[in-house]
Amino acid sequence: MKSLAVMGSTGSIGRQTLDLVRQDPASFEVVVLAAHSNVELLVAQALEFHPQVVGLYDEVAAKELRDLLGPELEVVTGDELIASVALADIVVNGVMGFAGLRITERTLRAGLRLALANKESLIGGGEVVMALLDKGGELIPVDSEHSAIFQLLGQSREVPPSLARLVITASGGPFRTTEAAKLELVTVDDALAHPTWSMGPKISVDSSTLFNKGLEVIEAHYLFGVPYEQISVVVHPESLIHSMVEFVDGSTLAQLSMPDMRLPISLALYHPGRSPVPHGTMGWPTAATLTFEEVDSGRFPSLALAFAVGKAGGGAPCWMNAANEVAVGAFLEGRIGWRQIFATVSSAMERYETGSPLDIDEVIELDRRARVVTSRIVQEFAHA
Ligand code: NDP
Ligand code: MG
């Protein structure tokens, strides 16, 4: 029996993690449930899973939760919430955005297994986060593309010398076939309507701009230690192949399953084994078509920007990630248009204050400065 801390338990990744626990209650025990402010769902989850601790990032919501649950169950916030990860064997980081960094940090410092969905903490922290693996912790990717590569490498992050490249697949998002002129007019609802995956709002918008794919390229670089020259992206609208590994002899291995995040989450929970319950079975021999296209860099310039930012290294990915979070937040609030997400991020990169953070505090400071700079750019756009 493994104990789990489900950080971001009320979100898309968190809820699917709890589904896996429901399916195999003999293998997992939930010891921590944490979210931002969704009191109602956290209460329901606490009553069902009986964790040792529940946490809310928002202090007002945490107080409300304490009043509702009474003294029986410990309710934490602030640093105690972050520290609660130490109660578990496996920490699922399903928090949205850079706020997940402290959870990633504390988990790795404690030498625990980190089931990482929260790509923003790895992209923001980069080498500083990877260096924390010295403490004996384990980093298992949950992002479906990286989970596919992890499986193709035999449930490992180590690439063989015969690797030619990693090929990351992209669904193309909701605007894959939208004409350039019409992209000017897309709404928040249009951007949230992902064709193959059902996810939280931030990553759904990232998928519509293809910044998600850009972030994933940087994520793959850190996770597998592969140079950017050996990472490619191909659009594969059916989302059945979740990524591929190509070898120097020309052979390509691909991982296929239906788009169901419970499979990559389960791999991180059962590693080095596999879930006894199927998730996303293909249902052969049902006919299926696999198609591939190149990314249209004219309509989706974010991918090339992310490659350039990744290659620049140092604090550049952290800066871009922060700028993107600010821009996506402004778009979701209706303050800027969809096209202005890219315009905001690229303009923020022009104002990048070069630097290489040496520890987590410096990463957080760099992220903070990028947010200040980007918020000014958003204001300029919003008032234009
Ligand atoms: P959601 O928006 O659905 O959920 C986010 C979760 O994080 C909620 O539980 C939210 O709580 C919680 N949260 C937000 N801020 C904090 C904080 N400061 N402290 C603690 N908890 C917080 O997002 P997703 O589940 O879609 O995505 C989560 C992460 O997983 C992202 O990094 C995303 O990129 C990644 N990912 C997601 C995939 C998916 O299929 N959904 C696929 C691949 C990666 P509350 O409900 O209270 O606001
Ligand atoms: Mg992904």
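In this text the structure is predicted, and so the values were computed from the model without any measurement. (Residues numbered from 1 in each chain as written. Chains lettered and ligands numbered in written order. Predicted model: local features only at pLDDT ≥ 70, side-chain atom pairs only at ≥ 80, totals over all residues. Heavy atoms only, no water.)

## Describing helix H9 (residues 201-209)
- Across the 9 residues that make up H9, a large majority, 7, are buried.
- Listing the buried residues of H9 in full gives Lys 202, Ser 204, Val 205, Asp 206, Ser 207, Ser 208 and Thr 209.
- Structurally, H9 contributes buried residues whose contacts are with helix H6 (119-131), helix H8 (188-192), helix H10 (211-224), helix H12 (302-312), helix H13 (316-332) and helix H14 (339-350).
- Residue Leu 210 follows H9 closely and has a positive phi angle near 70°. (Buried < 20%, exposed > 50% of the residue type's maximum accessible area, 1.4 Å probe, protein only. Helix = DSSP H or I, 4+ residues; strand = E, 2+ residues; numbered from the N terminus. Contact = heavy atoms within 4.5 Å.)

## Quick word on the coordination of the magnesium ion (ligand 2)
- The coordination sphere of the magnesium ion (ligand 2), as far as protein atoms go, consists of Asp 143 (OD), Glu 145 (OE) and Glu 216 (OE), spread over 2.1 to 2.3 Å.
- Binding-site remark: the magnesium ion (ligand 2) is held by donors from one chain whose sequence spacing is D-x1-E-x70-E.
- Of the residues examined, Asp 143 reaches a relative accessible area of 6% and is grouped as buried.
- You can call Glu 145 buried: its relative accessible area is 7%. (Donors = N, O, S within 2.8 Å, 3.2 Å for Na, K, Ca; no water.)

## Regarding the sheet that holds strand E7 (residues 138-141)
- As summarised here, the arrangement of the 7 strands in space is E4-E3-E2-E1-E5-E6-E7, forming an open sheet in which the pairing is parallel. Each end of this open sheet is capped by a strand with a single partner; those strands are strand E4 (74-76) and E7. On average, each strand axis in the sheet is inclined to that of its neighbour by 20°, with strand direction left out of account.
- Across 6 bridges, the pairing between strand E1 (residues 2-7) and strand E2 (residues 28-35) is parallel. Each residue of the ladder has a partner; that of Ser 3, found in E2, is Glu 29. (Pairing = 2+ DSSP bridges. Axes fitted to C-alpha atoms, helices over the stretch in contact; angles between N-to-C directions.)

## Here we look at the site of ligand 1
- The environment of ligand 1 is made up of 25 residues, and the closest members are Thr 10, Ser 37, Asn 38, Glu 120 and Gly 200.
- One of the side-chain N or O atoms of Glu 120 is found 2.6 Å from an oxygen atom in ligand 1.
- Within the backbone of Gly 200, an N or O atom sits 2.8 Å from an oxygen atom of ligand 1.
- Considering ligand 1 on its own, with 900 Å² of exposed area, one finds that the protein chains cover 89% of that surface. (Near = heavy atom within 4 Å. Polar contact = N/O pair within 3.5 Å; in protein donor to acceptor, adjacent residues only side chain to side chain. Areas by Shrake-Rupley, 256 points an atom, 1.4 Å probe, with all protein chains shown as cover.)

## Some remarks on the pairing of strand E10 (residues 241-247)
- The element E10 is largely enclosed, with a buried count of 7 among its 7 residues.
- Bridge count for strand E8 (residues 163-170) against E10 is 4 bridges, and the pairing is antiparallel. Each residue of the ladder has a partner; that of Leu 163, found in E10, is Phe 247.
- Bridge count between E10 and strand E11 (residues 252-256): 5 bridges; the pairing is antiparallel. In the sheet register, Glu 246 faces E11, and the bridge partner there is Thr 252.
- A loop of 4 residues connects E10 with E11, the two strands running antiparallel in sequence, and Gly 250 in this loop sits at a positive phi of about 100°.

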